[in-house]
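What follows is the residue order along each chain.
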Amino acid sequence: MLTRLFLRPNSVILSPTHFFLFPKLSLTKPTIASNAIPYGPSLRKGKTSLHCPQQKQRRWRQQQQEYQSLSGPKPLYQCKEDQEGEKEEDPDDVNMINEDDFTRVFDIAALRVPAKDCFSLESRIRGHLLNWPRIRNIARVPGDEMEESMVSLLGEKGSEDEENFDAFNRRIYGKAEGDGEELSPVLYREKLANEFNSRGFIKFRNLAKISRPKRKKKKKMGGKGVEGEENERERRDEFSVVEVVEEKEGGDWRGLLGDEFKGRGKWMGSTRLLLLDERYAEKGVDELPQAIKAVAQEAMRENSTTTFNLVRCKLTLFYDYWQMNEILEALLPRDMIIPSAFETVGHIAHLNLRDEHLPYKKLIAKVVLDKNKPKIQTVVNKIDAIHNDYRTMQLEVLAGNHSLVTMVVENGLRFHVDLAAVCVHFTCNIIEHSTEIFRCLFFSSLAENQLKSYWNSRLASERQRLLNGFTHNDVLCDVFAGVGPIALSAAKIVKHVYANDLNPCAVQYMEKNSVLNKLERHIEIFNMDGRRFIDAMYASQKAQSITQVVMNLPNDAVEYLDAFRGIFKYKPKDKAYAMPLIHVYGFSKARDPEFDFHERIRIALQEVAVNVEMRRVRQVAPGKWMLCASFRLPTSVAYAHTMSRMQAHQVKSF
Ligand SMILES: C[S@@+](CC[C@H](N)C(=O)[O-])C[C@H]1O[C@@H](n2cnc3c(N)ncnc32)[C@H](O)[C@@H]1O
């Protein structure tokens, strides 16, 4: 999977000496005058706060340290972070990110409205609401919540009679309906029995549900059950807090909207805050737009008990609120390109940092990790140029855990990919190095210096397209199968698959993955050179059954097409063999990539393949395309008696 971020020069104005040290900037002043700042939330706006819990904790730690230096003996309690704080400051140290410095407090205004009306009001005045990304326009008011069932027991707001409280009393203490006398235990049990049937409560449906929770809904972490939803809500709310700092007296509202808008002396029912657009932060009631007043008046007319209040609020956005690019913009030097994308393989994020990023690699990785948890657990970066035939390069774990064994799920199948054995650095081959981030990985451990396995998440949709062309009558040959994303997915569809790869580790993983996905009976796996594999397949009885061949080694696959020359040369010509449909991948930098690729196919086959279906898979670098050509093997090639120049060369050198 590719995660895209913004690609733009860093626009934060920081002094060069402060570039990395955004956290060391003044905590009390916004970094830039807010009038120069665009609309919406920004780290360059708002106030930093010394009153949020994290800030308090930090100050407490500072005080502890001061105390230590003054009084000599260490305090009895010293937290782990304090101990770590004694280390010398390392610019590479990921702890350089001080999350508190990303806390911003914004003064805003809000309408305090009855909870039951908040959604309809929100949709009617949406254009005047805050509408900040990831911040809900409707906020809860801590302390004035009451359960719906409790409210219905207490009765409608404003009703003066005591009846509802009697009913409430009766439910709790088991009093009789009319006289309020307490029931005898026998009568009370009988009354309760009437309220049950065999499946649970009749009157309290919700209680009945609680008493019989559905098992599936009991999932804990991230599940979509009741608990999962609650966790999700908590998580979503963690990055921001809305607090009411001042309630405007209702006098103004009374003048504008009627007598009901008076101060909140007693509990008026559950309420919600409708967060108003930032431009109304300092406005009074009479300065609010006519549209808001009209909606309030109308709601008032419809229900005389409805009340509205204009309140001043503090919206605090924490480190968790800001997106990766915003944090990096603030941390990295001015004019530096913000790392724009990373590739993921299971729980691992792979960065391809430029040289200029290297001094900040741990910082960048920490932000990537923080902002993509829990899916991403490890962040790695290429640390060396591609330097051999296999175009291997070394990767370095920058942040998170060092586990590089991961699992990728594609097409409902699970694929184990072992990115390295034990060492922090590991070698990985890529098909082609370019300015673009990371293409294909052929991972291997440094210790063994051999390929581990290959995975390219970017080709998932291409693989799907290919799979759509297979039917259960097909027999497939995957010449360069890797750990088997095409071969194993196809094994679910087609009659049989013959899969091959030169890399023994890839083959080992392909075998493991076939067992893991219970497909071992539908696939036969080989470990040999692609050209030999084609020869072996067509020299055997399997030749007649093969209907499709996939050749996905984009740098070289086309050169292997010569292996198809003469595959049927010893077969009787009168027997009509079905020619396989070949899907071959390749790169082209030519101005006309399709023509160029067609030419290379023609040279390898020494024939012109007709009806070639050519498509551009994706652009892998500026001016460079990955292509896929699908064509039926020409009969003249299959029955050819002359060898291709490449085959002849091979025989000679052998
Ligand atoms: C681009 S990967 C394709 C893997 C798989 N088809 C996929 O989509 O993930 C190419 C694979 O070809 C293998 N390979 C490279 N040279 C080979 C050769 N001469 N014969 C057979 N396999 C080879 C590599 O080990 C690698 O796993």
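Residues numbered from 1 in each chain as written. Predicted model: local features only at pLDDT ≥ 70, side-chain atom pairs only at ≥ 80, totals over all residues. Heavy atoms only, no water.

As named in an unreviewed UniProt entry, the chain is tRNA (guanine(37)-N1)-methyltransferase, taken from Populus deltoides. Per UniProt, the comment on the chain under Function (unreviewed entry) is "Specifically methylates the N1 position of guanosine-37 in various cytoplasmic and mitochondrial tRNAs. Methylation is not dependent on the nature of the nucleoside 5' of the target nucleoside. This is the first step in the biosynthesis of wybutosine (yW), a modified base adjacent to the anticodon of tRNAs and required for accurate decoding." Quoted verbatim from the Subunit (unreviewed entry) field of the UniProt record, the comment on the chain reads "Monomer." (UniProt positions renumbered as here; feature names shortened; annotations may be inferred.)

Thoughts on the overall build of the chain
Counting secondary structure elements, the chain contains 19 helices and 24 strands. Counting the 654 residues in the chain, one finds 47% classified as buried. Partitioning the contacts of the chain with sequence separation of at least 6, the portion at a separation of at least 24 is 68%. Accessible surface computed for the chain: about 34,800 Å², of which carbon and sulfur atoms make up 52%. (Helix = DSSP H or I, 4+ residues; strand = E, 2+ residues; numbered from the N terminus. Buried < 20%, exposed > 50% of the residue type's maximum accessible area, 1.4 Å probe, protein only. Contact = heavy atoms within 4.5 Å. Areas by Shrake-Rupley, 256 points an atom, 1.4 Å probe, with all protein chains shown as cover.)

A look at the nonpolar core
If you look at the biggest cluster of nonpolar residues, it comprises 46 residues, and the most contacted ones within it are Phe102, Ile135, Leu273, Leu275, Leu315 and Val379. The leading source of residues in this core is helix α12 (residues 361-372), at six residues. Residues within four places of Val379 in sequence aside, it is in contact with Ala349, Leu351, Ala365, Val368, Leu369, Glu396, Val397, Leu398 and Ala399. Counting 39 residues, the second largest nonpolar core, distinct from the first, contains Ile534, Val584, Ala604 and Leu627. (Core = buried A, V, L, I, M, F, W, Y, C linked by side-chain atoms within 4.5 Å.)

As for the UniProt feature "binding site: S-adenosyl-L-methionine" (unreviewed entry) in the chain
In the numbering used here, UniProt assigns the feature "binding site: S-adenosyl-L-methionine" (unreviewed entry) to Arg463, Asp501, Leu502, Asp529, Gly530 and Asn552. Tracing the sequence through the fold places Arg463 in helix α13 (residues 460-468). Judged by relative accessible area, which is 3%, Arg463 ranks as buried. For Asp529, the position within the fold is in the loop between β20 (523-526) and α16 (530-539).

Things to note about the environment of Glu343
With respect to the helices, strands and loops of the structure, Glu343 is situated in strand β9 (residues 341-345). The exposure class assigned to Glu343 is buried, which follows from its relative accessible area of 1%. For the pair formed by Glu343 and Arg458, sequence separation is 115 residues and the distance between their alpha carbons is 8.3 Å.

A word on the pairing of β9
Buried residues dominate β9, accounting for five of its five residues. Of the two faces of β9, the one carrying Ala341, Glu343 and Val345 and the one carrying Phe342 and Thr344 are both buried. Relative to strand β10 (residues 348-351), β9 runs antiparallel, the two sharing three bridges. Bridged to Thr344 within β10 is Ala349. Turn length for the β9-β10 hairpin, with the two strands adjacent in sequence and antiparallel, is two residues, and the turn residue Gly346 shows positive phi of about 60°. (Pairing = 2+ DSSP bridges.)

Topic: the packing of aromatic side chains
A full pass over the atoms with the stated rule returns 11 aromatic pairs. Arranged with centres 5.4 Å apart and planes meeting at 50°, the rings of Phe526 and Phe533 form a pair that is tilted. Judged by relative accessible area, which is 0%, Phe533 ranks as buried. Ring plane angle 70° and centroid distance 5.7 Å describe the contact between Tyr538 and Phe568, whose orientation is recorded as edge-to-face. Placement of Tyr538 in helix α16 and of Phe568 in the loop between β21 (548-551) and β22 (581-588) is noted, with a sequence separation of 30 residues between them. On the basis of relative accessibility, which here comes to 3%, the residue Tyr538 falls in the buried class. By the ring-pair criterion, three or more aromatic residues cluster together here, those being Tyr538, Phe564, Phe568, Tyr577 and Tyr639. Over the face of the ring belonging to Tyr321 we find Arg134, whose NZ or CZ atom lies 4.4 Å from the ring centre. Over the aromatic face of Phe587 sits the side chain of Lys624, whose NZ or CZ is 4.7 Å from the ring centroid. (Phe/Tyr/Trp six-rings, centres within 6.5 Å; stacked < 30°, edge-to-face > 60°. Lys NZ or Arg CZ within 6 Å of the ring centre and 35° of its normal.)

Topic: the sheet that holds β22
If you walk across this open sheet you meet the seven strands as β20-β19-β18-β21-β22-β24-β23, and the pairing is mixed. Each edge of the sheet is formed by a strand with only one pairing partner; in this case those strands are β20 and β23 (613-621). Each strand of the sheet is rotated relative to its neighbour by a mean of 15°, with strand direction disregarded. For β22 and strand β24 (residues 624-632), the ladder comprises eight bridges, and the chain directions are antiparallel. The residue bridging Tyr585 from the neighbouring strand is Cys628, located in β24. Contacting β22, β23 and β24, helix α17 (residues 593-605) runs over the sheet at an angle of about 50° to β24. (Axes fitted to C-alpha atoms, helices over the stretch in contact; angles between N-to-C directions.)

Considering helix α11 (residues 324-331)
Of all eight residues that make up α11, seven are buried, and the element is covered over most of its length. Buried within α11 we find Met324, Asn325, Ile327, Leu328, Glu329, Ala330 and Leu331. Among the structural elements, β9 and α12 are those in contact with the buried residues of α11.

Considering the pattern of salt bridges
Within this structure, the stated rule accounts for 15 salt bridges. Of the charged contacts, one joins Glu278 and Lys45 as a salt bridge, the two residues approaching to 2.9 Å between their closest N and O atoms. Placement of the pair is Glu278 in the loop between β7 (271-275) and α10 (290-302) and Lys45 in the loop between β1 (2-4) and α1 (53-71), with a sequence separation of 233 residues. Across the pair, Lys45 and Glu278 agree in class, each one buried. A salt bridge links Lys47 to Asp107; the nearest nitrogen and oxygen atoms lie 3.0 Å apart. Of this pair, Lys47 sits in the loop between β1 and α1 while Asp107 sits in strand β2 (residues 104-114), placing them 60 residues apart in sequence. (Salt bridge = Lys/Arg side-chain N within 4 Å of Asp/Glu carboxyl O.)

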